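Understanding the architecture of this molecule
One-letter residues, chain by chain:
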Amino acid sequence: ELTTAKYNLGVIYYRLKQPDKAYTMFRETLVLDPYLSEAYHGIGVILSERGELDAAIPEFQKAVSLDKYYEAPRIQLISIYNKQGRTDLMAQEVQSLQQAQKEFANLPPTRSKRLFGVASHCFLHPWQSRTLSSSSSYSRASCPPVRRPS
């Protein structure tokens, strides 16, 4: 599938530290599939690493709006709001994340396997605590996940 191929090219470029090419691939992916939350997240990560925090926020928000159980963009939003000193928005996002985690815990196992077994493997558990305190411009922790064709 062309959408998956373009998305995965974006991931590869990102991991090769070529964010401009990755950004282009993620945008091209969204032309083909405007509902792919991982692509919005990838764009948000790149913008955030460029220091374009205000531009990254709507990308992360779009990712969350497409999949409310996708933790990575929520964590990125919390981090950005923290950096900007927007504690009210940070607290709201923390509360939303906690609520989504509670709801997710009650989902059938097939849903959790699909979401966290494939789509989000690069973003979850090992790096969550590091992300909020990390200051490096590149880290595997924020890399977009490779998609597998459905």
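Here's a quick rundown of the structure.

This part covers the packing of helix α1 (residues 2–15) against helix α2 (residues 19–32). Here α1 crosses α2 at 160°, and the two axes come no closer than 7 Å. Taken together, α1 and α2 sit at an angle that is classed as roughly antiparallel. In this structure, α1 meets α2 at a crossing whose hand is left-handed. Across the interface between the two elements, Leu2, Thr3, Lys6, Tyr7, Leu9, Gly10, Val11, Tyr13 and Tyr14 from α1 touch Lys21, Ala22, Met25, Phe26, Glu28, Thr29 and Leu32 from α2. Tallied by class, residues from the contact of α1 with α2 come to ten nonpolar, three polar and three charged.

Counting residues in hydrophobic clusters, the biggest one holds 22 residues, and the most contacted among them are Tyr7, Phe26, Leu30, Phe60, Leu77 and Ile80. Counting only elements with at least two residues in this core, the list comes to α1, α2, α3 (37–49), α4 (53–66) and α5 (71–84). Other than its neighbours up to four places away in sequence, Leu77 contacts Ile57, Phe60, Gln61, Val64 and Glu93.

Basis of the calculations
Residues numbered from 1 in each chain as written. Predicted model: local features only at pLDDT ≥ 70, side-chain atom pairs only at ≥ 80, totals over all residues. Heavy atoms only, no water. Axes fitted to C-alpha atoms, helices over the stretch in contact; angles between N-to-C directions. Helix = DSSP H or I, 4+ residues; strand = E, 2+ residues; numbered from the N terminus. Parallel < 35°, antiparallel > 145°, perpendicular 65-115°, else oblique. Left-handed = near helix turned anticlockwise from the far one by under 90°. Contact = heavy atoms within 4.5 Å. Nonpolar A, V, L, I, M, F, W, Y, C, P; charged D, E, K, R; others polar. Core = buried A, V, L, I, M, F, W, Y, C linked by side-chain atoms within 4.5 Å. Buried < 20%, exposed > 50% of the residue type's maximum accessible area, 1.4 Å probe, protein only.

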